[in-house]
Structures are given as structure tokens and as C-alpha cells.
Amino acid sequence: MTTKPAWTMPSGEARGVLREAIQACNERGLYFAARWAAEALNGLPAMDHEDSKDFDTRMPTTRSTKAVVAAVTSTTNSENYVSLYAEELGLDATTGQPTGMYTVEYDTYLMAKTFFDLKEYDRCASILEKCESNKSRFLRLYSKYLVGEKRREQDTREVLGPLDNGMAVNKEIEKIDMELAEGYQAGTLDAFCKYLYGIVLIKRQRKNLAVTVLTESVNQYPYNWSAWLDLGPCLPSLAAITKIKPALPVSFMTSYFLLHTTLEYVSHQQEEGVVWLEELMEAFPRSAFVKCERALVLYHARGNYYSMKGEHEKAVVYFKRALRFNRSYASAWTLLGHEYMEMKNAYAAVEAYRRAVGKITTSATLGRGMDWCYESLDQDLAAIKCYTRALLGPDQEKTALKKLPKLYKKIGEADAAAHYFRKSLEQFREEQSESDDKAEACLFLALYERGKGNLEDALEYAKEAMQCSSESHQEDANALTRDIRSAQDAARSDETD
């Protein structure tokens, strides 16, 4: 039995808030959020001109009791919609036109936004330096953030060498953090600046405060989908999602978020998303996003069945069908890549993973798939970059330390290989492992140190290799030990002479 959702809203009003969201997000350079709102808008039930005058389907709402009192008209026609978030967006509640400080700065803002659209973020930020409205402040700080991200990516490409862990940072973050923290403490941040503050806090590994700030952001203005998306990864379990639910606005946006987050991060609990899916399918029958989420629910309920039976070709067919509804959905691309991996089709898997990387921050599962693909294709440098990034995540550090030295050895980078063999050897010692991999590390390091003339160190590595249980390396270790001792004897003879 389907239960009715806790929210209702005339469809005309739903159209109004989504149209407003498209404009509000576009004005702040949040193009992904604007696109999402546009897709949601076009997912509403189809209406012709006559129907729009008296259409009475009830839709979700975020209106509080105070907002209901301030509700504008009894008609459901979206043309008569007046913003319930006018103050938050810097608009006049009656006319919907810009008001306050924003009108004084409007010409400056228009020029700055032009530079932003041309990706001239430095100029955009500079022009807005003396502007005081919330919209101008957001665009200025967001521009600085993007400048820092661009430079960080450039630094990563330039410094990503054999001994680098990809730790280049956004150098603008600290200054942005200071300004936003001050505004947050003073209570002067609007929903969009709180969204940006949430991003900064996540970057600085302060996720608990980020959850608080992002939750406040979506309550102040629920229709910025990007804020919801950044909140999701901070909630790693169903328990965390359930705990935060009472603090979220009563809104169809919350249902979208709960459905997406459940499927994205706790997919093994997909049955929890069925209720929200049913609500949204009824409210947004034409939504490509909802259709894709439905495809994922079916996949986790039945696509895994195909995988368990080894019918990966059939799973690929259904994923491709799902992606026809929403080609920007990262989880579907990732799972499609996994199926191609099972089919040993590395080229197709790489392409699917590339599409997924363009939509989300690389997850551990996605990273594992990509580095496997690059290794299969003998793209060693690309595989090295993937494994180097994996060092930043504790879940993948062990695998990365096992793979990196061998890849560097393969491409002839002896210094880098030695560096990572030492790291992996430390791990083997902690685990008290006597495996083939430990023996290989010891033998390489023994040869490396012998080549450097460090015979004492070389001998210690060779003797450690002899103690490993690996029969395949015993003969090599014994021979190397004899060679090193002979070299030591010869060196001592030379000194005596």
C-alpha cells in the first residue's frame, strides 16, 4: 500500500519554484544545479494552456506555516507565482524584481558575470571586490574558489612525479574559509554562501560542521541541487541518513535527496529508497532523473541477479537503457564499467569510467576499476596516476603500495620503484608477511643498493629475502647474497692493499 507523502504543493507553484531555481542558480554560476532544476521542471505532468488555469494536482512543498500565511493566490497557475524565497534571493516579494543593495550593484554584477561565463574568474572576483550584496559576495568567492581549483589542477599535473602523492591544494581555500567563517558566526550568510562554506569545510576535512552548514543551506533555500549533492557524501551510512532526515525541509527536494543518496552511497539498502521513488514517480512522471533512479533500484534488485549468474551482457543492455533516460548519472556509468570489467572489455570499461569521473569525485570502487583498466591496456603512466591518488584513501593504500613499485620498475624508474618498495616492505613487516611480494621487494632493494655501492644495506635486504617462504625467490636471494659478500671481500682487500 502506497502512503501519501508529507508534502503537497499545487503543480503551478512547483513550476514557479523550479523556474525561479533555474534563474537563481544560473545567476550564481551554478550551472549543474540549474540544469537539474530544468530537468525536474520538465519532469512535471504535461499541461496545456487551458489545463494550467485550474490544474489541481497536489505537489511537494517546503512551505512553513509562516510561508503558508504569506501564500500568494488561490490559483495554481504558475504565471501568478510569487516567490516564497524572495528575501533569500534578494528579490521584491511583490514584483519579483531585484531589490536592496543588489540594485545598486547590478551593472557591476552584470559585467562580472560576463567574465565568469568566459571563465575569466580572476577578473570576475576583482570587479566584485567592493560589492556587498549576497549574490555578488557568492560570485566573488566562488570565482576565487574556481581560480584555486584550476591552479591546483595545474600544480598536480606539473608536480605529479614518482615521489608525489598528488597533494596539491587549493591555495584560495584558507582566505575563503576565513571570510565565510566570519560571516557564518555573524549570521550574515545566505543559503548560497552557506553552500560554498560547506564545500570549503569538506575540503578542509571538517565534515561534521559541513553537514550542519549544508543542512542550514538547504533549509534556507531548498532548490539548489548542488548543495544536496555535497551533503550526500558526508552521510556514509543509512543510520547517518536516517539521523539527519528530521532536520531536512519538508520538500520534494528532500525526497529526491533521500532517494539519490540511498542508492548512491548505501545501495545495499535500496529497499529504503522505494517509498521515495514511488512518491517522485507520481509527482514527476516525466522526469529522466526519476526514471534512471528506478532503473538503479531494479538493477540492485534484479541486475545483481544477472551478475551472479554471469549474465553480464544482459546487465549491460539494461544499464544502457537506463542511461538513455539520464546520460549524466554517475552511478549508472560506474556500474556499467564494472560489468565491462567482468567481461574483460577494458576499452569499454575505461570509457564508462571516464564518463563517471566527469560527474562525480572518484570513489574507491571507481578508482579500482580505472587502474585495473589502465594496467590491462599497458597504459602504465595512467595507472600510476590512479594508484598515486589511491594513496590518499586508507582503504586503497595497501593495494596502491603493492602496485606502484612494480609499475615504476616496469617503466625503468628505479628511484621511484625503490621508494615505493621500501614503503610496501614496511607494510609487509608490520603484517609479518613472508610472501612472494615481500621477497620481490627485498631483492629489488638489494640490487638497487648494491648498484649504489651501499653493500651493507644490500646484504641486509638480500638476507631478509632469504627468510621469506617464497621458494621461487630463494635461489635468487642466495645467489645475490653470495655476490654481495664477494663484493664486500673484494672491497676490504682493496682497502688492505
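Residues numbered from 1 in each chain as written. Predicted model: local features only at pLDDT ≥ 70, side-chain atom pairs only at ≥ 80, totals over all residues. Heavy atoms only, no water.

As annotated in an unreviewed UniProt entry, the chain carries the name Anaphase-promoting complex component apc8 and comes from Linnemannia schmuckeri.

Enquirer: Lay out the overall build of the chain with the relevant residues and their values.
Expert: Across its full length, the chain carries 27 helices and 0 strands. A total of 497 residues make up the chain; the buried ones form 49% of that total. Considering only intrachain contacts with a sequence separation of at least 6, the fraction spanning at least 24 residues in the chain is 61%. Accessible surface computed for the chain: about 25300 Å², of which carbon and sulfur atoms make up 49%. (Helix = DSSP H or I, 4+ residues; strand = E, 2+ residues; numbered from the N terminus. Buried < 20%, exposed > 50% of the residue type's maximum accessible area, 1.4 Å probe, protein only. Contact = heavy atoms within 4.5 Å. Areas by Shrake-Rupley, 256 points an atom, 1.4 Å probe, with all protein chains shown as cover.)

Enquirer: Any details on the packing of aromatic side chains? Residues and values, ideally.
Expert: Per the counting criterion, the structure on display carries 26 aromatic pairs. Aromatic pair Tyr31 and Phe116: ring centres 6.3 Å apart, planes at 55°, arrangement tilted. Residue Tyr31 is located in helix 2 (residues 31-41), and its partner Phe116 is located in helix 7 (residues 106-117); the two are separated by 85 residues in the primary sequence. Taking relative accessible area as the criterion, Phe116 reaches 3% and is therefore assigned buried. Here the aromatic rings of Phe116 and Tyr121 are separated by 5.1 Å at their centres, their planes lie at 65°, and the arrangement is edge-to-face. Judged by its relative accessible area of 15%, Tyr121 is buried. Seen from the ring of Tyr109, Lys135 lies directly overhead, with NZ or CZ sitting 5.3 Å from the centre. (Phe/Tyr/Trp six-rings, centres within 6.5 Å; stacked < 30°, edge-to-face > 60°. Lys NZ or Arg CZ within 6 Å of the ring centre and 35° of its normal.)

Enquirer: Describe the side chain of Glu172, listing the residues and the values that go with them.
Expert: Structurally, Glu172 can be placed in the loop between helix 9 (134-159) and helix 10 (173-186). In this view, Glu172 contacts Lys144, Gly148 and Arg151; residues no more than four positions away in its chain are not counted.

Enquirer: Go over the environment of Ser136 with me, naming the residues and quoting the values.
Expert: Within the secondary structure, Ser136 sits in helix 9. Expressed as a C-alpha distance, the spacing of Ser136 and Lys113, which sit 23 residues apart in the sequence, is 9.3 Å. Dropping the residues within four chain positions of it, Ser136 is found in contact with Glu105, Tyr109, Leu128 and Cys131.

Enquirer: How would you summarise the pattern of salt bridges if you had to cite specific residues and measurements?
Expert: Going through the model one piece at a time under the given rule, you end up with 24 salt bridges. Among the ionic pairs, Lys406 bridges to Glu440, the shortest N-O distance being 3.6 Å. Here Lys406, found in helix 23 (residues 397-410), pairs with Glu440, found in helix 25 (residues 436-451); they are 34 residues apart in sequence, far enough to count as distant. With a closest N to O distance of 3.4 Å, Lys438 and Glu464 form a salt bridge. Taken as a pair, Lys438 in helix 25 and Glu464 in helix 26 (residues 455-466) lie far apart in primary sequence, 26 residues in all. We note that Lys438, like Glu464, is buried. (Salt bridge = Lys/Arg side-chain N within 4 Å of Asp/Glu carboxyl O.)

Enquirer: Run through empty space enclosed by the protein, naming residues and quoting values.
Expert: Scanning all chains against the criterion turns up 1 cavity of 30 Å³ or more. Of the pockets and cavities examined, the largest cavity occupies roughly 40 Å³. Lining the largest cavity we find Leu401, Lys402, Pro405, Lys406, Phe421, Ser424, Phe428, Asp437 and Ala441. Those elements that place two or more of their residues in the lining of the largest cavity are helix 23, helix 24 (414-431) and helix 25. Broken down by element, the lining of the largest cavity gets its largest block of residues, 4 residues, from helix 23. In terms of residue class, the lining of the largest cavity is built from 5 nonpolar, 1 polar and 3 charged. (1 Å grid on protein atoms, 1.4 Å probe; cavity = no way out; pocket = protein on both sides within 12 Å on 5 of 7 lines; lining within 4 Å. Points joined across faces, edges and corners; volume = space filled by probe spheres on them. Nonpolar A, V, L, I, M, F, W, Y, C, P; charged D, E, K, R; others polar.)

Enquirer: So what's going on with helix 2? Which residues, and what values?
Expert: Residues Ala33, Ala34, Trp36, Ala37, Ala40 and Leu41 constitute the buried set of helix 2. The arc enclosing the buried residues of helix 2, seen along the axis, measures out at 160°, which places them on a common side. (Arc of directions from axis to C-beta.)

Enquirer: Account for unusual backbone geometry, with residues named and values stated.
Expert: Its identity as a non-glycine residue notwithstanding, Lys119 has a phi of 65°, on the positive side. Of note, Lys119 is situated in the loop between helix 7 and helix 8 (121-127). Lys119 sits in the exposed class, given a relative accessible area of 57%. Backbone geometry at Gln205 places phi at a positive 60°, although glycine is not the residue there. Examined against the element boundaries, Gln205 turns out to sit in the loop between helix 11 (191-203) and helix 12 (207-220). Here Gln205 falls in the exposed class, since its relative accessible area comes to 64%.

Enquirer: Describe the confidence of the model for the chain, listing the residues and the values that go with them.
Expert: Confidence along the chain averages 78 in pLDDT terms, with 74% of residues attaining 70 or more. Across residues 54-79, where pLDDT falls below 50, the model places 60 contacts with residues more than four positions away in sequence or in other chains. (pLDDT = per-residue confidence, 0-100.)

Enquirer: So what's going on with the side chain of Glu464? Which residues, and what values?
Expert: With a relative accessible area of 14%, Glu464 lands in the buried category. In this structure the side chain of Glu464 is engaged in a polar contact, spanning 3.4 Å, whose partner is the side chain of Lys438. With sequence-adjacent residues up to four places away left out, Glu464 is seen in contact with Leu425, Arg429, Lys438 and Cys442. (Polar contact = N/O pair within 3.5 Å; in protein donor to acceptor, adjacent residues only side chain to side chain.)

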